Amino acid sequence: MGYTVALTGNPNTGKTSLFNALTGSNQHVGNWPGVTVERKEGRFRTGDGEVKVVDLPGIYSLGAASLDEEIAADFLLRSRPDLAIVVADGSNLERSLYLAVQMLEMGTPLVLALNMMDTAAEKGITIDVEKLSSLLGIPVVPTVARRKEGIEDLKKRVFEELKNRTAPPNSFSLPYGERLAPLFDRMEAFLSSKPDLIPGLPARTAAVKFTEGDPAVLAAAETAGIRRELEAILSREGASVEASLGYDLQTAVIERRWGFVSGVTAEAVTRDLSLKTRLSLSDRIDRVVTSRTLGLPLFFLVTWAVFRLTYALGDPLVEIFEGLFESLGERSAAFLATAGLSDILVSFIQDGLIGGVGSVVVFFPHIFILFAFIAVLEDSGYMARGAFVMDRIMHLMGLHGKSFIPMLMGFGCNVPSMMATRILERPRDRMITLLILPFMSCSARLPVFVLFSGAFFGAHAGTAVFSLYILGIVVAIGAAKILGSTLFKGESSQLVMELPPYHIPSAGMVLRHAWERGFLFLQKAGTFILLSVVAVWVLASLPRGVEYGSEDSLVGSIGKALAPLFGPAGFGFWQAAVALFFGFLAKEVVVGTFGALLGAGEAGLTAALPSLFTPLSAYAFLVMTLLYVPCVAAVAAFKRETGSWKWTFFMIAYTTLVGYGGAVLVYQGGRLLGLG
Amino acid sequence: MGAFGGCCGTVTEKSLSSLAVGEGGVVSKIGGDGGLKRRILEMGLVPGTEIRVERKAPLNDPVSVWFRGYELSLRVDEADAVFIRPKGCAGCGGGCR
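Residues numbered from 1 in each chain as written. Chains lettered and ligands numbered in written order. Predicted model: local features only at pLDDT ≥ 70, side-chain atom pairs only at ≥ 80, totals over all residues. Heavy atoms only, no water.

## What about the pattern of salt bridges?
Part 1 of the argument: According to the stated counting rule, one finds 36 salt bridges over all chains in the structure shown.
Part 2 of the argument: Here A:Glu188 ties to A:Arg204 by a salt bridge, and the two come within 3.0 Å at their closest N and O atoms. Residue A:Glu188 is located in helix α7 (residues 177–192), and its partner A:Arg204 is located in helix α8 (residues 203–211); the two are separated by 16 residues in the primary sequence.
Part 3 of the argument: Classification of A:Glu188 as partly exposed rests on a relative accessible area of 26%.
Part 4 of the argument: Between B:Lys29 and B:Glu13 there is a salt bridge; the shortest N-O distance is 3.9 Å. Of the two residues, B:Lys29 sits in strand β2 (residues 24–30) while B:Glu13 sits in the segment before β1 (14–15), which places them 16 residues apart along the sequence.
Part 5 of the argument: By relative accessible area, which is 30% here, B:Lys29 ends up partly exposed. (Salt bridge = Lys/Arg side-chain N within 4 Å of Asp/Glu carboxyl O. Helix = DSSP H or I, 4+ residues; strand = E, 2+ residues; numbered from the N terminus. Buried < 20%, exposed > 50% of the residue type's maximum accessible area, 1.4 Å probe, protein only.)

Following this line, the structure appears as structure tokens:
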């Protein structure tokens, strides 16, 4: 007999450690249907049964104020797991209990895992487990997930509860006090005469949730056609309650729930007041890390170090991978040629397939290393401090403090930077950041800038390159402002973020996280990248017999057809169009393409380019290269992170339009100023 | 900012955002709109909660508040929605208004 158990709890309670301790390597990562929030599942065996554990997003409450909360509430309400494990932070029981109480109200059978009991002990906190268990009416198991303590006991208790399920679930009713109770009685009586608003949800809880304005319950009442009647009861009986309490009903319900939580905490927890807990190490670190003078410089230093180290450690590995795939391609080409395969098939296997797989795998080192760093930053608690000190600046652009990290990473490579937007919890912040990331000039664009600047701007080459980086940032900021006040106008950005105590991240967790991210990229984005590389190969190699990517190939014909379009931008010749087309594979390919098309090789390009470009049109071309659609891997990463083709096509179209518009503006503006 | 005035009878509510680091009080009500108000309430900033401003970010925004044994940061415009009365003012039914 298989059971389904939901694992839930606040962020920073060691929920992930507990999930890993429970399920070991028996895990599966996917997405929640329709959204790009990660869904993890695992299994464990106990006694004679197998239990499936679904890891819900880390949340503070079920109020559906964020996407994560919506997913968790929806799963508990609609999928009705057989039981839920709530992970509570033993060193901060009060805050953890709010979610547990909300789940009790929903009638979900619960087991409370009282985690981080070691930290609690260090802080001089003692919890009377028996008392807590009897106050809440559910089993409570103390654990230290990081040291795998209490895990077997937890499994045993979970299994016992599952087997005893024949007994009616404990009906838990929170004492909302004499002022609210009559109101809930009236609504409960009304609701009891109707079919369940949401199957399995007790009528009393439905009444409470309707009163506090829970979106899921409001929607269900709407569907059932009883929203007006419920609202009538509220406005008839609620007004006097509001008047006597001094605040609105929503505030009243949530205040009473917290009141109950505080009461339970006060009874179950004893603090050793002789331990001076407040001026803890965390606090002393924070005095430096968030200080007026050092806060921002330290943050820039940390993110810069992450940026430098990711690429400094990753680049050599990328080179090794590139070398491996190149030699693999050459060897198989040589082998296949001797085996009598036609040239075009050999080229397909060497440049299309092996080259395609290679261009996916080379991203692995950077993604792995970056996510190892991100896991360290998140797990240690520093990420929240970074967001805290940066939020004012980023909020000016309509972004969240944490958006700074993906934006900085974008200067290295847009692919891992797009994946790094996962640190943003709100879909709005994530979408806007994803949409402006392509404008951050990645390192693959630099060779193009350097080549053209060297050929056309002589002593000012450095300034020209620098100006392009600045232009990218300016366009990104402008785009963020515009997107925030147009397409995402309705959704407000929010901070309201916990600053958790610092703690030392575990190496196992960090490596696991990094590996998962890298592997998922290969799995999910790989196919798209590979198919695109193959498609470009086909266009460049057909019709049969043409030289790869030459004037007579399909790509050449497309280039010729498109060339007049680029006239207003100053580069209306087919070679530029073809180079831009190949730049979609990887931006640095623009250089090699010109080398091949001009028959100059990469070395002779500086001399050959002035036959096509003037300094003004060269700069316009660089603006185009900077801003137009990012490479195929970045597009694949974007698709993977948004989960939406609609947004992916929007991104492709709008970046290309911005790039084209920018190039035309530069060229025409320059001509007006007499620079042409 | 001057000290809190008298208690009930005179208007003594202040918004959380107007408190200096180290200052504290008791939450009297949460204003603002749906999503934000709900989130603030559910994080435990409900009427009657004792709070203290723990620190401010280098550019004075966001602010970080200590209550219920943990630390929460809010933007200044979010903290505007949280109203605070002085600690000694607990006995007035219906809050201080």
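## What to know about empty space enclosed by the protein
All names here are of chain A.
Part 1 of the argument: Evaluation of the coordinates by the stated rule reveals two cavities of 30 Å³ or more.
Part 2 of the argument: By volume, the largest cavity is sized at about 60 Å³.
Part 3 of the argument: Lining the largest cavity are Glu105, Phe172, Ser173, Leu174, Tyr176, Arg204, Thr205 and Val208.
Part 4 of the argument: Per element, the largest residue contribution to the lining of the largest cavity is three residues, and it comes from α8.
Part 5 of the argument: Along the lines of polarity and charge, the residues of the lining of the largest cavity split into four nonpolar, two polar and two charged. (1 Å grid on protein atoms, 1.4 Å probe; cavity = no way out; pocket = protein on both sides within 12 Å on 5 of 7 lines; lining within 4 Å. Points joined across faces, edges and corners; volume = space filled by probe spheres on them. Nonpolar A, V, L, I, M, F, W, Y, C, P; charged D, E, K, R; others polar.)

## Re the confidence of the model for chain B
All names here are of chain B.
Part 1 of the argument: Taken over all residues, the pLDDT of chain B has a mean of 82, while the share at 70 or more is 79%.
Part 2 of the argument: Note that pLDDT drops below 50 for residues 1–6; the model gives that stretch 12 contacts with residues more than four away or on any other chain.
Part 3 of the argument: Ignoring residues within four places in sequence, the model shows residues 91–97, a span with pLDDT below 50, making 13 contacts including any to other chains.
Part 4 of the argument: Scored as a whole, the predicted complex attains pTM 0.87, and scored at its interfaces, ipTM 0.87. (pLDDT = per-residue confidence, 0-100. Contact = heavy atoms within 4.5 Å.)

## Focus: the side chain of A:Thr143
Residues and elements named next belong to chain A.
Part 1 of the argument: Note that Thr143 resides in the loop between β8 (140–142) and α6 (151–163).
Part 2 of the argument: A distance of 3.0 Å separates polar atoms of two side chains, one belonging to Thr143 and the other to Asn115.
Part 3 of the argument: If sequence neighbours within four positions are ignored, Thr143 has contacts with Leu18, Ala113, Leu114, Asn115, Met116, Met117, Glu149 and Gly150. (Polar contact = N/O pair within 3.5 Å; in protein donor to acceptor, adjacent residues only side chain to side chain.)

## Observations concerning the nonpolar core
Part 1 of the argument: A:Phe452, A:Phe521, A:Phe571, A:Phe594, A:Phe613 and A:Phe621 are the most contacted members of the largest nonpolar core, which totals 115 residues.
Part 2 of the argument: Take this core: its biggest share by element is 10 residues, from helix α27 (residues 615–627) of chain A.
Part 3 of the argument: Among residues more than four places away in sequence, those in contact with A:Phe521 are A:Val360, A:Phe363, A:Ile367, A:Val415, A:Met419, A:Gly526, A:Ile529 and A:Ala637.
Part 4 of the argument: A:Ile59, A:Ile226, A:Tyr247 and B:Ile84 belong to the second-largest nonpolar core, a separate cluster that totals 96 residues. (Core = buried A, V, L, I, M, F, W, Y, C linked by side-chain atoms within 4.5 Å.)

## Considering the interface of chain A and chain B
Part 1 of the argument: Taken residue by residue, the interface counts 50 residues in chain A and 37 residues in chain B.
Part 2 of the argument: At the boundary of chain A with chain B, total buried surface from both sides reaches about 3800 Å², with 52% on carbon and sulfur atoms.
Part 3 of the argument: Counting every contact that joins chain A to chain B gives eight salt bridges.
Part 4 of the argument: For the side of chain A that touches chain B, the element with the highest residue contribution is helix α11 (residues 249–268) of chain A, accounting for seven residues.
Part 5 of the argument: Taken together, the residues of the side of chain A that touches chain B break down into 18 nonpolar, 16 polar and 16 charged.
Part 6 of the argument: Where strand β10 (residues 497–498) of chain A and strand β5 (residues 70–74) of chain B come together, two bridges link them in antiparallel fashion. When the bridges of β5(B) are listed, A:Glu498 appears paired with B:Leu72. (Buried area = accessible area lost by both parts, 1.4 Å probe. Pairing = 2+ DSSP bridges.)

## Observations regarding the sheet that holds strand β6 (residues 110–115) of chain A
All names here are of chain A.
Part 1 of the argument: An order of β2-β3-β4-β1-β5-β6-β8 is seen for the seven strands of this open sheet, with the pairing classed as mixed. Where the open sheet ends on each side, the last strands, each with one partner, are β2 (27–31) and β8. For this sheet, the mean angle separating the axes of adjacent strands, direction not counted, is 25°.
Part 2 of the argument: Sheet topology places β2 next to strand β3 (residues 38–46); five bridges connect them, and they run antiparallel. Opposite Val29, over in β3, you have Lys40 as the bridge partner.
Part 3 of the argument: In the packing of helix α2 (residues 67–79) onto the sheet, the strands contacted are β1 (2–9), β3, β4 (49–55) and β5 (83–89), and the crossing angle to β1 comes to about 150°. (Axes fitted to C-alpha atoms, helices over the stretch in contact; angles between N-to-C directions.)

## What about the environment of B:Val26?
All names here are of chain B.
Part 1 of the argument: Inspection of the secondary structure puts Val26 in strand β2.
Part 2 of the argument: Expressed as a C-alpha distance, the spacing of Val26 and Arg75, which sit 49 residues apart in the sequence, is 19 Å.
Part 3 of the argument: The residues contacting Val26, other than those within four sequence positions of it, are Gly48, Thr49, Glu50, Phe83, Ile84, Arg85, Pro86 and Lys87.

## Here's the deal with the packing of α11(A) against helix α1 (residues 34–42) of chain B
Helix-helix packing is characterised by the crossing angle of the two axes and by the distance between the axes.
Part 1 of the argument: Where α11(A) contacts α1(B), the axes come no closer than 10 Å and their chain directions differ by 20°. For the element pair α11(A) / α1(B), the angle class is roughly parallel. Considering only the axes of α11(A) and α1(B), their crossing is right-handed. In this structure, α11(A) uses A:Gln250, A:Thr251, A:Ile254, A:Arg257 and A:Trp258 to contact α1(B), whose residues at the interface are B:Lys37, B:Arg38, B:Leu41 and B:Glu42.
Part 2 of the argument: Looking at side-chain class alone, the contact of α11(A) with α1(B) contains three nonpolar, two polar and four charged residues. (Parallel < 35°, antiparallel > 145°, perpendicular 65-115°, else oblique. Left-handed = near helix turned anticlockwise from the far one by under 90°.)

## Digging into the pairing of strand β3 (residues 50–56) of chain B
Residue and element names in this part refer to chain B.
Part 1 of the argument: Across the seven residues that make up β3, a large majority, five, are buried.
Part 2 of the argument: Bridge analysis of β3 against strand β4 (residues 63–67) gives four bridges, and the strand direction is antiparallel. Following the sheet pairing, Arg52 is matched in β4 by Trp66.
Part 3 of the argument: Linking β3 back to β4 in an antiparallel pair, the connection comprises six residues, with Asn60 at a positive phi of about 70°.

## Quick look at helix α3 (residues 93–105) of chain A
Residue and element names in this part refer to chain A.
Part 1 of the argument: With 13 residues, α3 extends 18 Å between its outermost C-alpha atoms, agreeing within 8% with the 18 Å of an ideal straight helix rising 1.5 Å per residue.
Part 2 of the argument: Where burial is concerned, most of α3 is hidden: 13 out of the 13 residues are buried.
Part 3 of the argument: Just downstream of α3, Gly107 is the residue with a positive phi angle, here 80°. (Expected span 1.5 Å × (residues − 1).)

## Quick look at the packing of helix α20 (residues 446–456) of chain A against helix α25 (residues 589–597) of chain A
Residues and elements named next belong to chain A.
Part 1 of the argument: Contact geometry of α20 with α25 gives a least axis separation of 7 Å together with a crossing angle of 50°. By the criterion of interaxial angle, the relationship of α20 to α25 is oblique. Here Pro447, Val448, Leu451 and Phe452 of α20 lie close against α25, whose contacting residues are Val590, Val591 and Phe594.
Part 2 of the argument: For the contact of α20 with α25, a count of residues per class yields seven nonpolar, no polar and no charged.

## Concerning a negative patch on the surface
Part 1 of the argument: Where like charges cluster on the molecular surface, the negative patch consists of A:Asp315, A:Glu319, A:Glu322, A:Glu326, A:Glu330 and A:Glu588.
Part 2 of the argument: Here A:Asp315 is to be found in helix α13 (residues 295–338). (Patch = residues over 30% accessible without salt bridge, like charges linked within 9 Å, V, L, I, M, F, W, Y side chains within 5 Å. Areas by Shrake-Rupley, 256 points an atom, 1.4 Å probe, with all protein chains shown as cover. Lys, Arg positive; Asp, Glu negative; His and termini not counted. Charge placed at Lys NZ, Arg CZ, Asp CG, Glu CD.)

## Some words on the pairing of β2(B)
All names here are of chain B.
Part 1 of the argument: Burial within β2 is extensive, with five of its seven residues counted as buried.
Part 2 of the argument: Relative to β3, β2 is paired through three bridges, and the arrangement is antiparallel. From the neighbouring strand, Gly24 faces β3, where its bridge partner is Arg52.
Part 3 of the argument: When β2 meets strand β6 (residues 82–85), the two strands line up antiparallel, connected through four bridges. Bridge pairing links Val26 to Arg85 in β6.

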